[in-house]
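Read off the chains here:
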Amino acid sequence: PRVQISDDSATTLAGALAGRDGVVAAIGTGSLLGASKGGEPRFLGGWGLHLGDQASGAWLGRALLQQVMLVHDGLAEATPLSASTWAQYGSDPNRIVEFAASATPKDFAKLAPEIVKSAAKGDAIARALLSDGASYLDRALRALDPGPGSVICLTGGLGPTYADWIASDLAQRLVPPAGTALDGALRLARQL
């Protein structure tokens, strides 16, 4: 007799925190951050690639292609990652432009795993992109922070990658998520 419809932001938050005060950064193809204090949720981001999704796979992939074009124009230094990405598109800037014109966030996000691997090898462009993503996460986590004793969870395909990139005072508060979005949906259903 009672139904509540929700997107996955509320269920992700409820599943990861399981009643604790804290912040969840769900970073995958897109990005969304949420916090809970005393059971009251608050969200930040999740506006899609055109207006946001900072630190996400799609955001990283698009930023990589922007850097590749800057290298092509002579405005940035080439790195192994930019060179391999350039070759992937046949060393043709028009192919990159054509791809970007019709690419979905999922298409851009397919470039993210190579960015993460290249950053681990010290690639300057890859490291700069992850650093930029971490800078956004630092600001967002602090903006949502419910206060002393609260936890921080990094979820999604890319979330845990940022554990080594965010500020150390935030990283000290990292805990594994208590559960998944499905666990959160069941938790919310029980509360109804």
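Structure: above.
Residues numbered from 1 in each chain as written. Predicted model: local features only at pLDDT ≥ 70, side-chain atom pairs only at ≥ 80, totals over all residues. Heavy atoms only, no water.

1. Quick look at helix 1 (residues 8–17)
Quick reminder of the rule: A simple rule labels every residue: compare its accessible area, found with a 1.4 Å probe on the protein chains alone, to the largest value its type can have, and call it buried under 20%, exposed over 50%, or partly exposed in between. The helix count covers DSSP runs of H or I at least four residues long, the strand count covers runs of E at least two residues long, and both are numbered beginning at the N terminus.
By the criterion of burial, helix 1 is predominantly enclosed, with eight of the 10 residues buried. Taken together, the buried positions of helix 1 are occupied by Ser9, Thr11, Thr12, Leu13, Ala14, Gly15, Ala16 and Leu17. Trailing helix 1 by a residue or two, Ala18 shows a phi angle of about 50°, which is positive.

2. Re the environment of Thr29
Position of Thr29 relative to the elements: it lies in the loop between strand 1 (22–27) and strand 2 (31–37). For the pair Thr29 and Gly61, spaced 32 residues apart in the sequence, the C-alpha separation amounts to 9.7 Å.

3. What to know about the sheet that holds strand 1
Using the following cut-off: A pair of strands counts as paired when DSSP detects no fewer than two bridges linking them. Note on definitions: angles span 0 to 180 degrees between N-to-C directions of axes, and those axes are lines fitted to C-alpha atoms, for helices only across the stretch in contact. Between two residues, a contact is recorded if the distance between any of their heavy atoms is within 4.5 Å.
If you trace the four strands from one edge of the open sheet to the other, you get 3-2-1-4, paired in mixed fashion. Strands with a single pairing partner mark the edges of an open sheet, and in this sheet they are strand 3 (40–45) and strand 4 (151–155). Averaged over all pairs of adjacent strands, the angle between strand axes in this sheet comes to 15°, irrespective of strand direction. Sheet topology note: the strand 1/strand 4 ladder contains five bridges and is parallel. Within strand 4, the position partnered with Ala25 by the bridge is Leu154. In this fold helix 1 packs onto strand 1, strand 2, strand 3 and strand 4, with an angle of close to 125° to the strand it touches most, strand 1.

This is a description of form; function is not addressed.
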